[in-house]
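# Tertiary structure, described
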Amino acid sequence: MDWTHYRFRSLWSLPAPPAVVYAVLERPEDYPVWWPQVRSVTRLDADTGVITIRSLLPYDMTFTARQTRRDPDAGVLEVTVSGDIEGWARWTVTAAGPEALARYDQVVEVTKPLLRRLAVPGRPLFRLNHRLMMRAGRRGLLRRLQAV
């Protein structure tokens, strides 16, 4: 097993139409407004940006995200990431009755040296850290959707 390889999936049921949820998610430069753990997003061009995140554990992760798929009809937003993590992440927003279901999938390898050194003993904490970040993101998105 490669202890630096992670596969995450989060499902968020949201009380808004899928198109509204998609419209918020397709603007990563606004994520720091509603998602506390997304510390900064700096656009480099229309398809690329540098993102810094920090959850409960005392370390920042910075990576470049490059859009590889943007399909509003299918509700898909996908990026490749490089930097402190390497891999990809994807939002898929679909209808779930009158609500939206936002599915987040991520497959990455950690490249940040400190996190690689702590890969084995830190893995449960790193997974918990990610789970807490995603929980806070859902809460922030719910607040954002109420304001839209």
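What this report covers is the structure whose coordinates are included nearby. If you're wondering where the values come from, they're calculated on a predicted model, not measured in any experiment.

### Here we look at the packing of helix H1 (residues 18-25) against helix H4 (residues 119-147)
The interhelical angle for the contact between H1 and H4, taken along N-to-C directions, is 115 degrees, at an axis separation of 11 Å. With respect to each other, H1 and H4 are oriented roughly perpendicular. Relative to H4, H1 is oriented so that their crossing is right-handed. In this structure, H1 contributes Val20, Val21, Val24 and Leu25 to the contact, and H4 contributes Leu141, Arg144 and Leu145. Here the contact of H1 with H4 is built from residues that sort into six nonpolar, no polar and one charged.

### Remarks on the pairing of strand S6 (residues 85-96)
When strand S5 (residues 76-83) meets S6, the two strands line up antiparallel, connected through six bridges. Residue pairing in the sheet places Val76 in a bridge with Thr92 of S6. Pairing of S6 with strand S7 (residues 99-110), which is carried by twelve bridges, proceeds in the antiparallel orientation. Pairing of Gly87 across the sheet is with Val108, part of S7. Between the antiparallel neighbours S6 and S7 lie two residues, among them Gly97 with a positive phi of about 70 degrees.

### Some remarks on H1
Turning to H1, its buried residues are Val21, Tyr22, Val24 and Leu25. For H1, the arc enclosing every buried residue in end-on projection is 160 degrees, short of the 170-degree limit, so these residues lie on one face.

### As for a positive patch on the surface
On the surface, a cluster of positive charge is made up of Arg131, Arg135, Arg139 and Arg143. By the element assignment, Arg143 lies in helix H4.

Quick notes on the rules
- Residues numbered from 1 in each chain as written.
- Predicted model: local features only at pLDDT ≥ 70, side-chain atom pairs only at ≥ 80, totals over all residues.
- Heavy atoms only, no water.
- Axes fitted to C-alpha atoms, helices over the stretch in contact; angles between N-to-C directions.
- Helix = DSSP H or I, 4+ residues; strand = E, 2+ residues; numbered from the N terminus.
- Parallel < 35°, antiparallel > 145°, perpendicular 65-115°, else oblique.
- Left-handed = near helix turned anticlockwise from the far one by under 90°.
- Contact = heavy atoms within 4.5 Å.
- Nonpolar A, V, L, I, M, F, W, Y, C, P; charged D, E, K, R; others polar.
- Pairing = 2+ DSSP bridges.
- Buried < 20%, exposed > 50% of the residue type's maximum accessible area, 1.4 Å probe, protein only.
- Arc of directions from axis to C-beta.
- Patch = residues over 30% accessible without salt bridge, like charges linked within 9 Å, V, L, I, M, F, W, Y side chains within 5 Å.
- Areas by Shrake-Rupley, 256 points an atom, 1.4 Å probe, with all protein chains shown as cover.
- Salt bridge = Lys/Arg side-chain N within 4 Å of Asp/Glu carboxyl O.
- Lys, Arg positive; Asp, Glu negative; His and termini not counted.
- Charge placed at Lys NZ, Arg CZ, Asp CG, Glu CD.

This is a description of form; function is not addressed.
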